[in-house]
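Inside the fold
Given next are the chains, with one letter for each unit.
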Amino acid sequence: MPDRDHPWLRGLARKQRKARRDIRALSHLAAFKLGLTRKPLAVRWNITSRCPNNCHYCNSHRISGPDATAAQVDLILERIVRMRPIRISISGGEPLASPHFDRIVDRLHGAGISVIMNSSGRGIRDHADAVRKLELVQFSLDGPEDVCDRQRGPGTFAAVMDAVAFVRALGVGFSFAMTLTRHNAEIAHVRYMLDLAGGLGAMVAFQPVKRVFGREDDFDASAPSAAQVRAVVDFLVAEKRRGNPAVRNTAFGLRHIRDWPDLPAMRCTAGRMFVIVQADGNLVACDRVDHPLQRDVNLADGELADLLHRLEPPRCEGCGFCGAMELNGLDRLRLSTLWALRRL
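This section reports on the structure supplied with the text. Since this is a predicted model, take the numbers as computed values, not measurements.

Looking now at the pattern of salt bridges. As enumerated under the stated definition, the model contains 16 salt bridges in all. A salt bridge links Arg-44 to Asp-287; the nearest nitrogen and oxygen atoms lie 2.7 Å apart. In this pair, Arg-44 sits in strand S1 (residues 42–46) while Asp-287 sits in the loop between strand S8 (283–284) and helix H11 (304–307), placing the two residues 243 residues apart along the sequence. In this structure, Arg-44 and Asp-287 share a single accessibility class: buried. Between Arg-152 and Asp-142 there is a salt bridge whose closest N-O contact spans 3.7 Å. Here Arg-152 is found in helix H5 (residues 145–152), whereas its partner Asp-142 is found in the loop between strand S4 (136–140) and H5, with ten residues between them in sequence. You can call Asp-142 buried: its relative accessible area is 0%.

Quick look at the structure:
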């Protein structure tokens, strides 16, 4: 009898799961557009605000209350499972720092929900069984080692590359996300990331740093110039036209961020197509905003479907985050977005 842990069989099983997910996603999208469901397509659950890194543009530890207790985690988990989103993104803080990480992944995977993780990679080798059940791991990496460690803290580059080797050995998919600041928004650093990802058969999502509540002063110190962002975006557009598969951003998304920080107005799907659950169970439409978050809706207080109508739409100066742009493109039925999401 073949060994189910054989890399070839694991790869085949992953392709079958993705095919089933794609069918469910298209069916859900059709129902959503026809007004037959209000269930979000995706959920991001920041399962902890703890993190071993000190990224100067991140506010996750400043906008959430204390991490949920084990009993609260179980309640939140079951309510997410009953909602059955197509995909849930486990994030933080650093999700691997949560003592509940393994059982959260195990329960979601067992319920047939596609699970991905945003991570810095630290501690990943202690969670092999759970990591095998992930559809994708998105690693935060902000350029070459010296640039990345300056921006995210000493040792972060090495931790990511060790984690990449680990997930590759497990046969789990992975990608990278690069936050553009004044320190790394240069063609040489962007090309480095594309070459690194391309050599590993992965993709990179590029997104400019955003002013967020609680880190306003840090934004002023780290924001790139408009000229830097425009040059990087023009380079990425050229690479996309050249057929570089390592560029995750869609052409629609790149056009949107080209004139950063003066981003064009857009009807966002936050609170409709996707929602955010914070570490304390607080439910918000989006947490990448420059104003205090809504604090009167908590998933511990009721079923997710019953709470959606209470969410306030985000008030922000515009968004350049790759995942949000992909879902906004999906809402507009852009074929390029459908293809981009299918690759993940």
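Attention now goes to the nonpolar core. Formed by 74 residues in total, the largest nonpolar core has its most connected members in Trp-45, Leu-108, Phe-139 and Phe-176. Counting 20 residues, the second-largest nonpolar core is a separate cluster that includes Phe-32, Ala-42, Leu-293 and Leu-327.

Here Gly-92 and Gly-93 are connected by a cis peptide whose omega angle stands at 20°. Within the secondary structure, Gly-93 is located in the loop between strand S2 (87–91) and helix H3 (101–110). Of the consecutive residues Trp-260 and Pro-261, the connecting peptide bond is found in the cis state with omega at 5°. Mapped onto the fold, Pro-261 is located in the loop between helix H10 (251–257) and strand S7 (274–277). For Arg-84, which is not a glycine, the phi torsion comes out positive at approximately 50°. In this fold, Arg-84 is placed in the loop between helix H2 (70–83) and S2.

A few words now on the side chain of Ser-89. Within the secondary structure, Ser-89 is located in strand S2. Look at Ser-89 and you get buried, because its relative accessible area is 11%. One polar contact links Ser-89 to Asn-118, side chain to side chain, over a distance of 3.0 Å. The contact partners of Ser-89, leaving out residues within four places of it in the chain, are Val-43, Arg-44, Trp-45, Ile-116 and Asn-118.

Turning our eyes to something else, we now look at the sheet that holds S8. The mixed open sheet is built from eight strands, whose spatial order is S6-S5-S4-S3-S2-S1-S7-S8. Because the sheet does not close on itself, it has two edges, and the strands there are strand S6 (204–208) and S8. Sheet topology places strand S5 (residues 173–180) next to S6; five bridges connect them, and they run parallel. Its bridge partner lying in S6, Ala-177 is registered against Ala-205. Seen against the sheet, helix H7 (residues 187–200) touches S5 and S6 and runs at an angle of roughly 175° to S5.

Mapped onto the elements of the fold, Ile-90 is located in strand S2. For the pair Ile-90 and Val-137, spaced 47 residues apart in sequence, the C-alpha to C-alpha distance is 9.5 Å. Apart from the residues within four sequence positions on either side, Ile-90 is in contact with Trp-45, Ile-47, Pro-95, Phe-101, Ile-104, Leu-108, Val-115, Ile-116, Met-117 and Asn-118.

For the rest of this paragraph, the subject is H7. With 14 residues, H7 should cover 20 Å at 1.5 Å per step; its first-to-last C-alpha distance of 20 Å lies within 8% of that length. Those residues of H7 that sit buried are His-189, Val-190, Met-193, Leu-194, Leu-196, Ala-197 and Leu-200. Here the buried residues of H7 occupy an arc of 165° about the axis, which is enough to place them on one side. In H7, those exposed residues whose orientation departs by more than 90 degrees from the buried face are Asp-195 and Gly-199. Following H7 by one or two positions, Gly-201 has its phi on the positive side, about 70°.

Now for the packing of aromatic side chains. In total, this model carries one aromatic pair according to the counting rule given. Ring plane angle 80° and centroid distance 5.9 Å describe the contact between Phe-174 and Phe-176, whose orientation is recorded as edge-to-face. Pair check on accessibility: Phe-174 and Phe-176 agree, each one buried.

What follows is about helix H9 (residues 226–241). In this model, H9 (16 residues) spans 22 Å end to end at C-alpha, consistent with the 22 Å of a helix rising 1.5 Å per residue. Residues of H9 that are buried include every one of Gln-228, Val-229, Val-232, Val-233, Phe-235, Leu-236 and Glu-239, and no others. The arc that holds every buried residue of H9, seen down its axis, measures 160°, which confines them to one face. Of the residues in H9, the exposed ones pointing more than 90 degrees away from the buried face are Ala-227 and Arg-241. Residues of H9 that are buried in the fold lie against S5, H7, S6 and H10. Just beyond H9, the residue with positive phi is Gly-243, at close to 90°.

A cluster of like positive charges, contributed by Arg-241, Arg-255, Arg-332 and Arg-334, occupies part of the molecular surface. Relative to the helices and strands, Arg-255 resides in helix H10. Overall, Arg-255 belongs to the exposed group, its relative accessible area being 53%.

About the cut-offs
- Residues numbered from 1 in each chain as written.
- Predicted model: local features only at pLDDT ≥ 70, side-chain atom pairs only at ≥ 80, totals over all residues.
- Heavy atoms only, no water.
- Salt bridge = Lys/Arg side-chain N within 4 Å of Asp/Glu carboxyl O.
- Helix = DSSP H or I, 4+ residues; strand = E, 2+ residues; numbered from the N terminus.
- Buried < 20%, exposed > 50% of the residue type's maximum accessible area, 1.4 Å probe, protein only.
- Core = buried A, V, L, I, M, F, W, Y, C linked by side-chain atoms within 4.5 Å.
- Polar contact = N/O pair within 3.5 Å; in protein donor to acceptor, adjacent residues only side chain to side chain.
- Contact = heavy atoms within 4.5 Å.
- Pairing = 2+ DSSP bridges.
- Axes fitted to C-alpha atoms, helices over the stretch in contact; angles between N-to-C directions.
- Expected span 1.5 Å × (residues − 1).
- Arc of directions from axis to C-beta.
- Phe/Tyr/Trp six-rings, centres within 6.5 Å; stacked < 30°, edge-to-face > 60°.
- Patch = residues over 30% accessible without salt bridge, like charges linked within 9 Å, V, L, I, M, F, W, Y side chains within 5 Å.
- Areas by Shrake-Rupley, 256 points an atom, 1.4 Å probe, with all protein chains shown as cover.
- Lys, Arg positive; Asp, Glu negative; His and termini not counted.
- Charge placed at Lys NZ, Arg CZ, Asp CG, Glu CD.

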